[in-house]
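Residue strings, one per chain:
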Amino acid sequence: SRTITGEIIKNEGPAGFKNASALTQSLIKLGFNVRRFKTGTPPRLDKFSINYNEFIEQKGDEGIQSFSFMTDKQPKNIESCWLGYTNEKTKQIVLDNLDRAPMYSGTIVGVGPRYCPSFETKIVRFRDKERHQLFLEPETLENDEIYLQGLSTSMPMDVQHELVASISGLEKTKIVKYGYAIEYDAIDCLDLYPTLEFKKVKGIFTAGQINGTSGYEEAGAQGVVAGINANQYIKGKESLILPRDSSYIGVLIDDLVTKGTNEPYRMMTSRAEYRLLLRQDNADLRLTEIGYKFGLVDKQRYKKFKTKL
């Protein structure tokens, strides 16, 4: 993988992590078909340098229903997001600097995600739009960084300063981390079984971005299934294959291994023909029996589930 910010190109993973530079060639030797994908990230801002009066507060929902059925205490949102917009000045800064944009200078060769394009791509693709929506999102309660959702960019640092400062409420905002594009190698998922095991070499299970997906949930979901199946493989036991009507994980993996993907794949509700059944309020009915069968649900939890049933 490599990260790209304007003219600065580094052979590294996200957030400065060391990359696995020799891994791709090893995979190719084993028979994997490899392609090149690209995703991006926005600048992170110092939350104390923002004028929140220029944004619209987006409070969290009250009376949240937990995703876990083992949650005893009602969760409560204690942080807000903030809604804002770019403007014609922001748009013009991008247009004036397109010659320095790696997305358009030929620097980036990977295929990007359709559903969260870079800000410069949005400007080029939708030139008629006067503004684009932004969300200020707290990254965590443990630090002071704000994720500028909607402004994913690989523009040079000086241009990123101009872009951020052009937005109402961010004129004096400090950029803590600059946005960047990241290119990486991914495999062709048609080479995988629904267990996420590689067809050509037994005992290799893959999950996450290497499978051509983009997103934390997508990676986590595959990691669960690949981990379970690697464990089952070692023990010589039955594999876990989740059908499409069981879960979004089932839809995700089935899409990957039967249809493949020619772009970073995101799990959307529109991909699931059973979307009316795949709700957080019935996840226990859909998956607890399977979890118990594979040793992932203990007897106490299973008993509680059967009592509810």
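Residues numbered from 1 in each chain as written. Predicted model: local features only at pLDDT ≥ 70, side-chain atom pairs only at ≥ 80, totals over all residues. Heavy atoms only, no water.

1. Notes on the pattern of salt bridges
Here the idea is simple: oppositely charged side chains can pair when their charged atoms come close. Inspection of the entire model under this criterion finds 20 salt bridges. In this structure, Glu238 engages Lys293 in a salt bridge whose closest nitrogen and oxygen atoms are separated by 3.2 Å. A residue pair is termed long-range when its members are at least 10 positions apart, and Glu238 in the loop between helix H6 (216–235) and helix H7 (248–259) and Lys293 in helix H8 (residues 283–293) qualify at 55 residues. Judged by its relative accessible area of 49%, Glu238 falls in the partly exposed class. The partner of Asp255 in a salt bridge is Arg244, and the shortest N-O contact between them spans 2.9 Å. Of this pair, Asp255 sits in helix H7 while Arg244 sits in the loop between H6 and H7; the two residues are 11 residues apart in sequence, bridging distant segments of the chain. Take Arg244: its relative accessible area is 16%, and that puts it in the buried class. When salt bridges with common partners are traced through the structure, they connect Arg244, Asp254, Asp255, Lys259 and Glu273 into a single cluster. (Salt bridge = Lys/Arg side-chain N within 4 Å of Asp/Glu carboxyl O. Helix = DSSP H or I, 4+ residues; strand = E, 2+ residues; numbered from the N terminus. Buried < 20%, exposed > 50% of the residue type's maximum accessible area, 1.4 Å probe, protein only.)

2. Remarks on the packing of H6 against H7
Viewed as axis vectors pointing N to C, H6 and H7 meet at an angle of 90 degrees, and their least axial separation amounts to 10 Å. Our classification of the angle between H6 and H7 gives roughly perpendicular. From H6, Glu218, Ala221, Gln222 and Val225 reach across to H7, where they touch Ile249, Leu252, Ile253 and Leu256. Tallied by class, the residues present in the contact of H6 with H7 amount to 6 nonpolar, 1 polar and 1 charged. (Axes fitted to C-alpha atoms, helices over the stretch in contact; angles between N-to-C directions. Parallel < 35°, antiparallel > 145°, perpendicular 65-115°, else oblique. Contact = heavy atoms within 4.5 Å. Nonpolar A, V, L, I, M, F, W, Y, C, P; charged D, E, K, R; others polar.)

3. Let's talk about the environment of Gly169
Checked against the element boundaries, Gly169 lands in the loop between helix H5 (157–165) and strand E9 (175–177). A relative accessible area of 2% means that Gly169 is categorised as buried. Separated by 130 residues in the primary sequence, Gly169 and Lys299 place their C-alpha atoms 53 Å from one another. In contact with Gly169, other than residues within four places in its own chain, are Ile50, Asn51, Glu54 and Phe55.

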